[in-house]
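The chain contents come next:
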Amino acid sequence: MVVEPKVFTDERGLFVETYRREWIPGSAPMVQANRDDRQATCLVGLHYHLHQADYWYVPAGRALVALSDLRASSPTYGASLTLELGDGDHRGVYIPPGVAHGFYAITDLTITYLVDRYYDPADELGVAWNDPVLGIDWPTDAPILSGRDQANPMRADIPEELRPA
């Protein structure tokens, strides 16, 4: 779910509410806030969770955000979406459990995200960022990647017990 909040500006600057629980009806309360600073050309993901939802906002810099629905029972199963966030685009993105998510840092950036569960390493899962089945058009084929993200499996190789229902 992409959220477009109201932005208020005057001679002093800018004010924007970056998250309101009421924007995502039926969602669980967010319990933890995180900040991630990344350098340009870095790619993070694709990650997914079986139990945790995320809400992302990019207050500084520019990110190409990619989402891919891995939920077998979802009407959007297999669909992917990319969008640019940051640098004056104040949209936020709610990412439910089972949707793979990642971003490419177009510029140096800061991304903030809220989660509805505390960190659980058993729920930190991934799928290959460059899996052609996902159809994500990244701006590079040689990003800066973590070791974890380099080791993520192709969607077809995700073990059955780790596939989102």
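For the structure, see preceding data.
Residues numbered from 1 in each chain as written. Predicted model: local features only at pLDDT ≥ 70, side-chain atom pairs only at ≥ 80, totals over all residues. Heavy atoms only, no water.

## Overview of the sheet that holds strand β6 (residues 54-60)
Pairing is antiparallel in the open sheet, where five strands are placed in the order β1-β9-β6-β11-β4. At either margin of the open sheet sits one strand with a lone partner, and together these are β1 (2-3) and β4 (32-38). Pairing analysis gives five bridges linking β6 to strand β11 (residues 109-115), with the strands arranged antiparallel. Looking at the pairing, Y57 lines up with T112 of β11. (Pairing = 2+ DSSP bridges. Helix = DSSP H or I, 4+ residues; strand = E, 2+ residues; numbered from the N terminus.)

## Section: the side chain of H49
When you line up the elements, H49 lands in the loop between β5 (43-48) and β6. Classification of H49 by relative accessible area gives buried; the value is 3%. Here the side chain of H49 touches Q52 through a polar contact of 3.2 Å, side chain to side chain. With residues near it in sequence (within four places) discarded, H49 still touches D54, P97, G98, H101, D123 and E124. (Buried < 20%, exposed > 50% of the residue type's maximum accessible area, 1.4 Å probe, protein only. Polar contact = N/O pair within 3.5 Å; in protein donor to acceptor, adjacent residues only side chain to side chain. Contact = heavy atoms within 4.5 Å.)

## With respect to the sheet that holds strand β10 (residues 99-105)
The strand order β8-β7-β10-β5-β12 describes an open sheet built from five strands, whose pairing is antiparallel. Both edges of this open sheet fall to β8 (80-86) and β12 (125-126), since each of them pairs with a single strand only. Both β5 and β12 contribute to a ladder of two bridges, which runs antiparallel. Along β12, the bridge assignment pairs Y48 with L125.

## Observations concerning the packing of aromatic side chains
All chains considered together, the criterion is met by four aromatic pairs. Where W56 meets F103, the ring centres are 5.7 Å apart and the plane angle is 90°; that geometry is what we call edge-to-face. Placement of the pair is W56 in strand β6 and F103 in strand β10, with a sequence separation of 47 residues. Side by side, W56 and F103 carry an identical accessibility label, which is buried. (Phe/Tyr/Trp six-rings, centres within 6.5 Å; stacked < 30°, edge-to-face > 60°.)

## Things to note about unusual backbone geometry
Between G45 and L46 the backbone carries a cis peptide bond, its omega angle lying at 5°. By the element assignment, L46 lies in strand β5. Although it is not a glycine, T41 adopts a positive phi angle of roughly 80°. By secondary structure assignment, the location of T41 is in the loop between β4 and β5. We note that D87 has phi near 45°; this positive angle belongs to a residue other than glycine. Classification of D87 as exposed rests on a relative accessible area of 53%.

## Some thoughts on the side chain of D54
Along the chain, the position of D54 falls in strand β6. In this structure D54 is buried but unpaired, with R148 as the nearest side chain of opposite charge at 9.7 Å. A polar contact of 3.0 Å, which involves the side chain of D54, links it to the side chain of Q52. Residue contacts for D54: discarding those within four places in its chain leaves M30, H49, V93, Y94, I95, H101, Y113, L114 and V115. (Lys, Arg positive; Asp, Glu negative; His and termini not counted. Salt bridge = Lys/Arg side-chain N within 4 Å of Asp/Glu carboxyl O.)

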